[in-house]
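Structural overview
As a plain string of letters, each chain reads:
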Amino acid sequence: PYTTLFRSQNLKGYIEDQRTARETIDVTLPGRRPRLGHRHPITLVRERIEDIFVSLGYVIEDDREVETDFYNFDSLNIPQNHPARAWQDTFYTKDGYALRSQTSTVQIHAMQRRGVPVRMIAPGRVFRRDTPDPTHNPMFFQVEGLCVDRGITMAHLKGTVGEWLRRL
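Residues numbered from 1 in each chain as written. Predicted model: local features only at pLDDT ≥ 70, side-chain atom pairs only at ≥ 80, totals over all residues. Heavy atoms only, no water.

Quick notes on helix H4 (residues 104–114)
As a reminder, the rule being used: Relative accessible area decides the class of each residue, using a 1.4 Å probe on protein chains only: under 20% of the type maximum gives buried, over 50% gives exposed, and in between gives partly exposed. Working definition: helices are DSSP H or I runs of at least four residues, strands are E runs of at least two. Numbering for both runs from the N terminus. A contact between two residues is defined here by any heavy atoms of the two lying within 4.5 Å.
When H4 is considered as a whole, its buried residues turn out to be Ser104, Thr105, Val106, Gln107, Ile108, His109 and Ala110. Of the surrounding elements, those touching the buried residues of H4 are strand S2 (66–67), helix H3 (69–72), strand S4 (118–127) and strand S5 (139–148). Positioned one or two residues after H4, Gly115 has a phi angle of 75 degrees, which is positive.

Observations regarding the environment of Tyr92
For Tyr92, the location among the structural elements is in the loop between H3 and strand S3 (98–99). For the pair formed by Tyr92 and Asp69, sequence separation is 23 residues and the distance between their alpha carbons is 9.8 Å. With near-sequence residues (within four places) excluded, Tyr92 lies in contact with Asp69, Phe73, Arg85, Ala86, Trp87, Tyr97 and Ala98.

With respect to the side chain of Arg100
Heads up, the rule is: Neither His nor the chain ends contribute to the count of charged residues, in which Lys and Arg are positive and Asp and Glu negative. A pair is scored as a salt bridge if a Lys or Arg side-chain nitrogen falls within 4 Å of a carboxyl oxygen belonging to Asp or Glu.
With respect to the secondary-structure elements, Arg100 resides in the loop between S3 and H4. Despite its burial, Arg100 remains without a salt bridge, the nearest opposite charge being carried by Glu65 at 4.1 Å. Not counting the four nearest positions on each side in its chain, Arg100 is found in contact with Asp62, Asp63, Arg64, Glu65, Glu67, Asn72, Thr105, Val106, Gly124, Arg125, Val126 and Phe127.

Comments concerning a nonpolar patch on the surface
Heads up, the rule is: A residue counts toward a patch only above 30% relative accessible area and without a salt bridge, and it is joined to like-charged neighbours within 9 Å or, for Val, Leu, Ile, Met, Phe, Trp and Tyr, to nonpolar neighbours within 5 Å. The Shrake-Rupley method, run with a 1.4 Å probe sphere, supplies the accessible areas, and residue values consider only the shown protein chains as cover.
On the surface, Met154, Leu157, Val161 and Leu165 cluster together into a nonpolar patch covering about 400 Å² of accessible area. Relative to the helices and strands, Met154 is located in helix H5 (residues 154–167).

Notes on the confidence of the model for the protein chain
What counts is decided by this rule: As a per-residue measure, pLDDT tells how confident the predictor is, with possible values from 0 to 100.
Averaged over the protein chain, the pLDDT score is 89; the fraction of residues at 70 or greater is 96%. In the model of the protein chain, helix H1 (residues 2–23) stands out as the element of lowest mean pLDDT, 76, in contrast to strand S1 (residues 59–60), which has the highest, 97.

What to know about the side chain of Glu61
Applied cut-off: Side-chain atoms alone can form a polar contact between residues adjacent in sequence; in general such a contact is a pair of N or O atoms within 3.5 Å, and within protein one must be able to donate a hydrogen while the other accepts it.
When you line up the elements, Glu61 lands in the loop between S1 and S2. Looking at Glu61, its side chain comes within polar contact range of the side chain of Arg114, at 2.5 Å.

Okay, structure coming up:
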């Protein structure tokens, strides 16, 4: 019995020593790095769309989000009495500028800067006065494409859109 008791105490001591060694923290070791987050799904999709169009020979254009009436409406042939120009549909600043309501404004700036021929897409945020609900949001993302050159036909549009959808 004494030997059994001695062995039992030795075994308990051994188990306790092992547990202590396993649970000991060395405070001199560097800590664990916090887990980094991940990119937003909208960012991932936008980058995928951009990669596809770049591989098709397009350039990516981005420009300002606050525009003059000329770029937001006049240059796009939106008439003065169009509802999109009303304060209840567009965000205006006190100085008379507007948050862009479509990325078409980027196309105008790009054509003025680059001239033609041009093959570009304009991904970005746009803003419209909408009451938020499951199908509406005052800020959303849009991608527009523009291809201006001699000999471009609807077949080019159909082929480009088909290839983009296939790859996406």
